[in-house]
Amino acid sequence: MEKKTPLYEVHLEWGGKIVPFAGYLLPVQYQGIIEEHMAVREAAGLFDVSHMGEVLFTGADALHTLNRICSNEFSDMKVGRVRYSPMLNPKGGVIDDLLIYKMAEDRYLMVVNAANREKDVTWILGNLVGDTKAEDISDEMAQLALQGPASKEILTGLVSEEALPKGYYTFVDQVDVAGISCLISRTGYTGSFGYELYCKAECAPDLWKTLMEAGKEKGLVPCGLGARDTLRLEASMPLYGHEMDDEVSPLETGLDFAVKMQKEDFIGKQALIDRGEPAISRVGLKVTGRGIIREDATLFAGETRVGRTTSGTHLPYLKAAYAMALVEKAYSAPGTVLEAEVRGRRIAAQVVELPFYKG
Amino acid sequence: MNYPEHLLYSKSHEWVEFTSEDTAKVGLTDFAQDQLGSLVFVNLPEVGDPITAGEALGDVESVKAVSDVYSPLTGTVSAVNEDLLDTPEAINQDPYGAWLVEVEGITDREELLSAEEYETLCQGEG
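Residues numbered from 1 in each chain as written. Chains lettered and ligands numbered in written order. Predicted model: local features only at pLDDT ≥ 70, side-chain atom pairs only at ≥ 80, totals over all residues. Heavy atoms only, no water.

A. Seen up close, the pairing of strand 19 (residues 337–342) of chain A. Residues and elements named next belong to chain A. Every second residue of strand 19 is oriented toward a common face, the buried set being L338, A340 and V342 and the non-buried set V337, E339 and E341. Summarising the sheet, strand 19 and strand 20 (residues 345–352) pair through six bridges and their orientation is antiparallel. Within strand 20, the residue paired with E339 across the bridge is A348. Once strand 19 ends, the chain turns through two residues before running back antiparallel as strand 20, passing R343 with a positive phi of about 45°. (Buried < 20%, exposed > 50% of the residue type's maximum accessible area, 1.4 Å probe, protein only. Helix = DSSP H or I, 4+ residues; strand = E, 2+ residues; numbered from the N terminus. Pairing = 2+ DSSP bridges.)

B. Structural detail: the pattern of salt bridges. All names here are of chain A. One pass over the structure, following the stated rule, counts 20 salt bridges over all chains. In this structure, the salt-bridge partner of K119 is D246, at a minimum N-O distance of 3.4 Å. Here K119 is found in helix 4 (residues 117–125), whereas its partner D246 is found in the loop between helix 7 (225–234) and helix 8 (269–275), with 127 residues between them in sequence. Looking at D246, the relative accessible area reads 30%, which means it is partly exposed. (Salt bridge = Lys/Arg side-chain N within 4 Å of Asp/Glu carboxyl O.)

C. Representation of the interface of chain A and chain B. Listed as interface residues are 16 residues of chain A and, on the opposing side, 15 residues of chain B. Interface of chain A and chain B: buried area, both sides summed, is about 1300 Å²; carbon and sulfur atoms make up 51% of it. The largest contributions to the chain A side of the interface with chain B come from R290, R294 and R343 of chain A, which together make up 42% of the buried area. Applying the counting criterion to the chain A and chain B interface returns three salt bridges. (Contact = heavy atoms within 4.5 Å. Buried area = accessible area lost by both parts, 1.4 Å probe.)

D. Region of interest: the environment of I292 of chain A. Take I292 of chain A: it is sitting in the loop between strand 15 (280–287) and strand 16 (298–301). The exposure class assigned to I292 of chain A is buried, which follows from its relative accessible area of 2%. In this structure, the C-alpha to C-alpha distance between I292 of chain A and L251 of chain A, residues 41 residues apart in sequence, is 27 Å. With residues near it in sequence (within four places) discarded, I292 of chain A still touches T313, H314, A321, V342 and I347 of chain A together with V40, F41, E61 and S62 of chain B.

E. Layout of the state of the cysteines. For the structure on display, the rule yields zero disulfides over all chains. No disulfide involves C182 of chain A; its sulfur sits 5.2 Å from the nearest other cysteine sulfur, which is in C199 of chain A. (Disulfide = S-S within 2.5 Å.)

F. View of the nonpolar core. Residues and elements named next belong to chain A. Grouped together as the largest cluster of nonpolar side chains are 56 residues, with contacts concentrated most on Y101, L285, I293, L299 and L338. No other element matches strand 18 (residues 320–328), which puts four residues into this core. Apart from residues no more than four positions distant in its own chain, L285 is found in contact with L299, T309, A321, Y322, A323, A325, L338, A349, Q350, V351, V352 and F356. Within the second largest apolar cluster, 27 residues are counted, among which are V10, L155, L207 and W208. (Core = buried A, V, L, I, M, F, W, Y, C linked by side-chain atoms within 4.5 Å.)

G. Spotlight on the sheet that holds strand 7 (residues 66–70) of chain B. Residue and element names in this part refer to chain B. Across the sheet, which stays open at both edges, the three strands sit in the order 4-6-7 with antiparallel pairing between neighbours. Each end of this open sheet is capped by a strand with a single partner; those strands are strand 4 (39–43) and strand 7. With strand direction ignored, the average angle separating the axes of adjacent strands in the sheet is 25°. (Axes fitted to C-alpha atoms, helices over the stretch in contact; angles between N-to-C directions.)

H. Quick peek at the pairing of strand 2 (residues 14–20) of chain B. All names here are of chain B. Alignment of strand 1 (residues 8–9) against strand 2, held across two bridges, turns out to be antiparallel. Bridge pairing in strand 2 links Y9 to W15. Strand direction decides the pairing type here: strand 2 and strand 3 (residues 23–28), joined by six bridges, are antiparallel. The residue of strand 3 that forms the bridge with V16 is V26. What sits between the antiparallel neighbours strand 2 and strand 3 is a turn of two residues.

I. Examining the environment of I180 of chain A more closely. Residues and elements named next belong to chain A. Here I180 lies in strand 12 (residues 180–185). With 82 residues separating them along the chain, I180 and Q262 place their C-alpha atoms 42 Å apart. Once you skip the residues sitting within four places of it in the chain, I180 turns out to touch V175, C199, C203, D206 and L207.

J. Quick look at the sheet that holds strand 1 (residues 3–4) of chain A. All names here are of chain A. The sheet built from three strands is open, its strands ordered 1-3-2 with mixed pairing. The strands lining the two open edges of the sheet, one partner per strand, are strand 1 and strand 2 (17–21). Bridging between strand 1 and strand 3 (residues 24–29) involves two bridges; their strand directions are parallel. The partner of K4 across the bridge, within strand 3, is L25. With respect to the sheet, helix 7 is in contact with strand 2 and strand 3, its orientation differing from that of strand 3 by roughly 70°.

K. Representation of unusual backbone geometry in the model. Residue and element names in this part refer to chain A. That bond from L354 to P355 is cis: its omega, 0°, falls within 30 degrees of zero. Along the chain, P355 falls in the segment after strand 20. One non-glycine residue, K319, lies in the positive phi region at around 55°. Tracing the chain through its elements places K319 in the loop between strand 17 (304–315) and strand 18.

Right, dumping it as structure tokens:
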């Protein structure tokens with residue numbers, strides 16, 4: 001039985017088309033994926049991302065725990081900053097990819113993928129270091145993503161500009177948004193300017209209504225999971241279960257920036273050393289033939305299998321079909337021409353630089 | 001939802017308009033385009049291709065998924081609506097104007113429904 005987010009009734013009220021996703025009933029779309037995608041690129045969109053999991057780390061050794069279970073480095077992080085990291089298994093595969101919010105020297109908030117929440121929490125609880133407490137607070141929290149160039153103007157109608165986070169990947173806690181206390185970060189999964197707002201679960205319906213009302217004249221539309229996926233693909237952001245999983249290493253899928261091999265030790269480090277130089281690499285493909293290449297299509301160079309696609313569809317803002325893929329290094333240079341097998345026929349595609357879209 | 005009286009309908013949501021005894025145009029119904037969502041790609045057969053009732057004649061793709069279009073008729077493709085290759089959204093905007101193929105030499109057909117029967121079917125599925 002799927003769970004409902006605190007906004008389930010609101011989605012029905014707003015005409016969301018509900019589907020099961022990662023154990024939750026969520027809207028895949030409201031008026032249409034393309035319209036919602038374009039609204040985020042050109043005005044603003046509001047997403048319910050309350051299915052995301054939140055784990056609170058506290059204690060004198062919270063930092064040590066994070067540095068051990070995550071491949072990124074948090075020692076130099078300031079309070080009010082957000083940092084992305086993969087969390088690896090001992091084989092060097094990815095358990096999950098996540099965000100860390102530094103609330104205080106001994107207090108960090110981890111935001112994880114909904115589908116991995118239980119697996120993550122079990123793993124985390126088994127790998128705590130010293131004086132660290134980890135608590136799954138997902139059910140108490142709701143998360144809304146306000147994304148798009150008009151986001152700032154919409155929020156400044158409710159909150160003074162000084163109260164909002166300024167730099168990318170920074171946040172401010174306890175911001176009063178029309179009487180609702182929110183943690184607001186300059187983060188998102190769309191490639192457009194935007195914010196993510198966390199509040200108590202019971203406040204979510206009021207926050208949704210407040211934001212929709214504030215954005216009414218500024219082109220704000222409610223958005224579903226469909227547009228969330230096309231937007232992140234257009235921005236070439238990897239998605240767990242697609243561009244990475246328990247087998248794929250972060251170095252193979254282009255997450256080197258979040259893997260600090262010079263760090264003393266972290267789970268998975270030795271495996272990454274043992275695995276050596278990655279033989280495959282994540283690439284972008286622009287479809288040059290006729291059709292759409294989706295995930296899990298086998299890629300060929302001539303008659304040689306060289307990889308598989310991990311995500312792909314028609315991208316509404318770029319108005320063309322693109323895909324991301326994991327391919328053998330020798331076939332990963334931009335300009336390389338490959339073919340994907342789709343429903344019994346071959347569709348040509350060319351390796352192009354990532355990201356496809358840069359806001 | 002629109003169900004023009006002068007058309008016949010397949011249970012797999014294609015419409016058929018007979019222009020003579022053994023020639024017809026085939027398209028996707030209003031119900032079908034609404035269920036599929038905004039279409040971004042259409043894959044159609046070529047003129048001269050034989051098509052068989054109950055088998056795929058091509059496919060249409062939305063951002064979210066690819067779906068087969070089933071042929072309600074057995075015959076030979078005599079014309080293809082090439083305009084749709086560049087403007088697949090025409091199927092969403094005008095489903096009964098945006099024909100996909102014209103079929104000639106029709107020798108067999110799927111069970112076809114009247115507008116009224118088809119509307120009842122859609123109400124059960126919608």
